[in-house]
Amino acid sequence: MKKLYKHTGLLFLLPGLSGFTIFYVWPFFLSLGYAFTDKAVNGTFQGFKNFIDLFSNKAYLKGLFNTCKFIAVSVPLNMGVALGFSLMAKGLKKHRDLFTLVFLIPLVIPSGSMAFFWSSLFSYNGVLNGWLGLLGLGKVNWLDSNIAFAVMVLIFTWKNLGYIMVLYLDGLSQIPLDYYEASWMDGGKPGQIFRSITLPLLLPTSILVLIMSLINSFKVFREIYMITGNYPHDSIYTLQHFMNNMFASLNYPRLTTATAVLVTVIACFAQLLLNLERKASS
Amino acid sequence: MKRMIMKRIKITAVLLSLGFITSACGGNASGTSGTAGTAGTAPDEPAETGTDQIAGEITVACYDTMSYQTFLEEAAKLFEEKYPGTKVNIDCFSEMPEIKTFEQDGMYISSIQIEDDSQGRADYISKTSTVLMSGQGADLLAMDVLPVYKYVESGQLADLSEYMNQDPGFNKSDYRENILNSLTFQNGTWFLPLDYGFDYYTYDSTLMEEQQSSQFGANQAFTSKQLMELGKTVFDGTNRIFSTPAYSQKGGGDLFSLMFRENYRHFINMDTKTANFDDGEFKALINYVKELAEEGYIPKRAGKMMNPEDLTTLTVDNQTNRFLFKAKNLLSLIQQTYTGPDLKLMIATSNAEKGIETDDEIAGIWSDEAGIVPFSYEQAFGINANSQNKELAWEFLKFLLSYEIQASPGTFDLSLPIHNEARRDKAKSMYRMLLTDGGELDQTQKESLQAYTDAVEMMSDRINGYTVKDTTIQDMVTQEIGYFFDGNKTADEVCQVLQNKVGLYLNE
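Computed from a predicted model, the values in this text were never measured in an experiment. Per chain, the residues get numbers from 1 upward, laid out in the order the sequence is written. Note on labels: chains are lettered from A, ligands numbered from 1, in written order. pLDDT decides what is reported in this predicted model: residues at 70 or higher carry local features, side-chain atom pairs at 80 or more are listed and counted, and totals for whole chains, interfaces and linings draw on all residues regardless.

Draft legend 1. How the structure looks around the pairing of strand β2 (residues 56-62) of chain B. Residue and element names in this part refer to chain B. Note on pairing: two strands pair once DSSP finds at least 2 bridges between them. The numbering of helices and of strands both runs from the N terminus, where a helix is a DSSP run of H or I of at least 4 residues and a strand a run of E of at least 2. Of the pairings in the sheet, the one linking β2 to strand β3 (residues 86-92) comprises seven bridges and is parallel in character. Across the sheet, the residue bridging to Ile 58 is Val 88, located in β3. Orient the strands so they point away from the viewer, and a crossover whose first-strand-to-second-strand path over the helix runs clockwise is right-handed. The parallel pair β2 and β3, bridged by helix α4 (residues 65-82), forms a crossover whose chirality is right-handed. For β2 and strand β6 (residues 140-142), the ladder comprises two bridges, and the chain directions are parallel. Bridge pairing links Val 60 to Leu 140 in β6.

Draft legend 2. Representation of the nonpolar core within the structure. We call a set of buried Ala, Val, Leu, Ile, Met, Phe, Trp, Tyr and Cys residues a nonpolar core when their C-beta atoms link them within 7 Å. Our exposure labels follow a C-beta count within 10 Å of each residue's own C-beta, placed from the backbone: buried means 20 or more other C-beta atoms, exposed means 12 or fewer, and partly exposed covers the counts in between. The biggest cluster of nonpolar side chains holds 163 residues, and the ones touching the most others in it are Met152(A), Leu140(B), Phe396(B) and Leu397(B). Contact definition: two residues whose C-beta atoms, as placed from backbone geometry, lie within 7 Å. Beyond its immediate chain neighbours, meaning those up to four positions away, Leu397(B) contacts Leu140(B), Leu192(B), Phe381(B) and Ile383(B). The next biggest cluster of nonpolar side chains, apart from the first, holds 15 residues, and it includes Phe85(A), Leu161(A), Tyr168(A) and Leu169(A).

Draft legend 3. Region of interest: unusual backbone geometry. Residue and element names in this part refer to chain A. Within the chain, His 95 stands out as a residue other than glycine whose phi angle is a positive 55 degrees. On the secondary structure map, His 95 appears in the loop between α3 (58-91) and α4 (96-108). On the basis of neighbour counts, which here come to 11 C-beta atoms within 10 Å, the residue His 95 falls in the exposed class. In this model, Leu 250 sits at a positive phi of 65 degrees, which is unusual for a non-glycine residue. By secondary structure assignment, the location of Leu 250 is in the loop between α12 (239-248) and α13 (252-281). Assessed through the 24 C-beta atoms surrounding it within 10 Å, Leu 250 is described here as buried.

Draft legend 4. Quick look at the pairing of strand β17 (residues 380-383) of chain B. Residue and element names in this part refer to chain B. Side chains of β17 alternate between two faces, with Ala 380 and Gly 382 and Phe 381 and Ile 383 buried alike. One ladder, built from three bridges, connects β6 with β17; its direction is antiparallel. Across the sheet, residue Leu 140 finds its bridge partner in β17, namely Ile 383. The sheet contact formed by strand β7 (residues 192-193) and β17 spans two bridges and is antiparallel.

Draft legend 5. Examining the interface of chain B and chain A more closely. The partner chain A presents 21 residues to the 19 residues of chain B that form the contact. At the level of secondary structure, the elements contributing two or more residues to the side of chain B that touches chain A comprise α5 (118-133), α20 (471-485) and α21 (491-507) of chain B. For the side of chain B that touches chain A, the element with the highest residue contribution is α21(B), accounting for seven residues. Ten residues, namely Ala, Val, Leu, Ile, Met, Phe, Trp, Tyr, Cys and Pro, are considered nonpolar, four, namely Asp, Glu, Lys and Arg, are considered charged, and the remaining ones, Gly among them, are considered polar. The residue makeup of the side of chain B that touches chain A, split by class, is six nonpolar, nine polar and four charged.

Draft legend 6. Here's a closer look at the sheet that holds β6(B). Residue and element names in this part refer to chain B. Here five strands make up an open sheet; going across it, the order is β3-β2-β6-β17-β7 and the pairing mixed. What marks the edges here is a single partner per strand, and that holds for β3 and β7. As a rule, the C-alpha atoms of each element are fitted with a line to give its axis, helices using only the stretch in contact, and angles between N-to-C directions run from 0 to 180 degrees. Here helix α16 (residues 390-400) sits on the sheet in contact with β2, β3, β6, β7 and β17, set at roughly 165 degrees to β17.

Draft legend 7. Layout of the sheet that holds strand β9 (residues 199-204) of chain B. All names here are of chain B. Taken in spatial order, the five strands make up an open sheet running β10-β16-β9-β14-β11, and their pairing is mixed. Looking at the sheet topology across the chains shown, the edges are occupied by β10 (221-222) and β11 (240-242). Bridge analysis of β10 against strand β16 (residues 360-366) gives two bridges, and the strand direction is parallel. Looking across to β16, one finds that Ala 221 is bridged to Ile 365.

Draft legend 8. Summary view of the packing of α12(A) against α13(A). Residue and element names in this part refer to chain A. Contact geometry of α12 with α13 gives a least axis separation of 8 Å together with a crossing angle of 150 degrees. Classified by the angle their axes make, α12 and α13 are roughly antiparallel. As for the relative orientation of α12 and α13, their crossing is left-handed in sense. On α13, the residues that touch Leu 239, Phe 242, Met 243, Met 246 and Phe 247 of α12 are Arg 254, Leu 255, Ala 258, Thr 259 and Leu 262. When grouped by side-chain class, the residues that make up the contact of α12 with α13 number eight nonpolar, one polar and one charged. Convention used here: angles under 35 degrees read as roughly parallel, angles over 145 as roughly antiparallel, angles from 65 to 115 as roughly perpendicular, and any remaining angle as oblique. In a left-handed crossing the near helix is turned counterclockwise from the far helix by less than a right angle, and in a right-handed crossing that turn is clockwise.

Draft legend 9. Region of interest: the packing of helix α18 (residues 420-436) of chain B against helix α19 (residues 443-461) of chain B. Residue and element names in this part refer to chain B. Contact geometry for α18 and α19: axes closest at 10 Å, N-to-C directions at 140 degrees. Comparing their axes, α19 and α18 come out oblique. Crossing handedness for the pair α18 and α19: right-handed. Contact with α18, carried on its side by Arg 424, Ala 427, Lys 428, Tyr 431 and Leu 435, involves Gln 445, Leu 449, Tyr 452 and Thr 453 of α19 and no other residues of that element.

Right, here's the structure in full:
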């Protein structure tokens with residue numbers, strides 16, 4: 001009985017783990033071989049040449065730079081805005097759930113509908129430029145100029161705000177009220193209370209949010225791809241565009257090389273953050 | 001390939017013919033018997049050494065069902081009969097367009113509406129690419145929409161020059177050698193066209209003085225810019241220089257597309273993977289075309305789409321405009337060399353306001369700025385490099401190139417067979433079908449046929465290259481240029497966007 005209990009967790013884990021292994025892990029390792037060959041079919045082994053070539057590929061470097069820039073801007077922005085709204089929601093005495101629910105709506109809207117909405121809004125002959133025209137202003141090339149980067153950040157924030165808010169609201173609810181009461185009695189100001197109590201005690205949640213935001217930042221590609229296609233403006237060409245186009249152009253060795261590098265970097269980064277989270281929790 | 005150019009828009013093509021549909025069947029039937037004698041001495045008998053070994057099963061894949069399916073199925077049937085023990089499967093992807101036939105004032109009118117299906121094309125390319133990358137896929141691939149350059153770069157296509165050189169049953173001199181030679185790129189020949197076509201220019205002889213018209217002829221080649229500048233010297237404000245509009249949303253058949261193709265090698269260098277849209281040349285080009293329209297040298301844009309019924313009124317008689325020059329394709333060459341009243345084939349397209357054509361003479365074949373005279377094709381095939389039946393695929397491709405298939409009725413009616421003897425015999429049977437319902441040609445008609453074949457061969461002799469175009473780049477250019485001609489973007493903005501996008505695409 002004790003032995004069975006010991007393996008119960010593993011049994012529960014098995015269905016999910018099997019699916020993950022069959023559909024993600026196994027194909028990844030299977031395709032990894034391409035990263036060391038010159039071509040996908042009947043290719044010859046060429047060591048690390050693909051990895052060396054990858055880091056001299058202008059398109060890859062552009063995608064890498066834009067992806068890093070996007071993460072650096074959008075993830076902290078998203079976290080900050082979500083935390084702000086969470087604090088606002090926590091302070092509400094009425095309609096708190098409704099307030100939170102509004103921010104969760106983007107999560108349930110299908111990507112296609114969302115892409116249609118953003119495209120209608122930001123396209124050259126779209127709604128926004130129509131309004132600018134009414135005001136007597138010239139049209140702005142929202143999706144084919146450097147402004148496109150800001151549009152991508154906006155879409156990401158809009159889509160993920162509700163999800164991050166829920167995580168932060170959960171984190172905030174776990175902070176004992178006693179701490180706040182003691183602080184108020186000691187004459188603590190709101191800014192001091194936020195810096196000394198809320199932020200430190202939200203650290204485990206923040207690390208989880210950081211990991212989730214990081215992962216979600218790669219998912220914004222779907223909407224951007226639907227709105228701007230395979231070859232968007234330079235400023236929003238990300239690593240996913242590069243990899244997607246490598247698949248379309250049959251360059252599987254370069255695709256798997258880029259994937260291997262990306263998976264390694266994300267895995268290392270996630271491990272580092274998880275270690276931090278464990279330390280923060282303890 | 002023409003079909004690829006005629007994309008992003010619904011095109012209505014109507015073949016008008018007095019009893020054309022019924023006479024076509026009868027005419028072709030007698031035409032076949034007329035050429036049967038020469039078919040017996042068909043120059044493309046397979047190599048004796050290989051005939052006994054020809055067996056097995058192959059699959060031929062194509063996207064464009066309308067152009068390929070019937071032709072391939074009939075060819076496959078003949079091939080299987082000729083070589084028992086072989087099996088050729090035909091796999092076509094796109095939906096067959098609806099063909100409507102109706103009678104109006106004693107005329108049978110066939111209307112084919114071709115809807116551009118960019119998603120369908122993308123799905124087919126994606127499917128084919130995925131299958132090829134797994135080492136599988138059809139043995140013979142139609143090069144109708146597939147990205148040839150990418151496939152060559154990733155080693156998906158077999159080098160056909162090896163087959164052509166090593167197979168004693170294949171004689172290059174039986175075909176247009178200048179076309180076969182022009183297909184070489186990336187150190188190989190990766191596909192073979194079954195047919196070819198070209199664009200040429202005509203001039204209105206009533207608007208040109210003799211001294212000026214002496215420089216024209218079927219053996220000459222011109223860029224559209226050369227003719228435009230020449231036209232400006234005689235332009236008096238009455239007749240436009242070109243009938244070709246400045247810009248068309250479908251991305252073809254307009255002056256911008258012509259001039260872009262003329263400078264394609266300058267703007268896109270596939271070898272060095274560089275784009276040159278920001279060096280001022282492209283900006284100058286689009287501004288030049290826009291100015292031509294604004295100054296009245298050319299129409300601004302293509303005419304509105306017309307219903308098939310309306311097209312019956314679009315005949316030579318009701319045209320009132322004259323143009324100094326017109327860009328035309330092969331279909332018009334028959335009319336060019338035979339203007340008799342009994343010619344029963346008239347071709348009209350919904351947006352081709354060609355004006356009065358009765359005084360048109362051949363000015364020369366279309367050439368690009370680098371002096372390259374390219375060709376187009378309706379059907380071309382490459383062999384899957386990973387096919388387990390490459391030899392059989394080559395035999396079938398060779399069969400498709402043979403006199404037997406190339407000269408058969410109902411094939412390559414809108415283009416020229418690449419097989420020399422088949423091309424001459426097809427011209428003859430086509431003239432007999434059109435002018436005499438399959439009977440014998442009179443002296444005038446024979447002279448007209450001679451003039452036609454002379455013009456075809458003279459212009460074909462000028463062909464010296466093939467530009468491997470990329471549909472992705474073409475789509476990018478068509479989209480951006482639309483913004484420019486609609487007034488939504490400046491030339492600088494368009495150049496910058498194209499430089500970024502195409503540069504990115506080439507650098508991946």
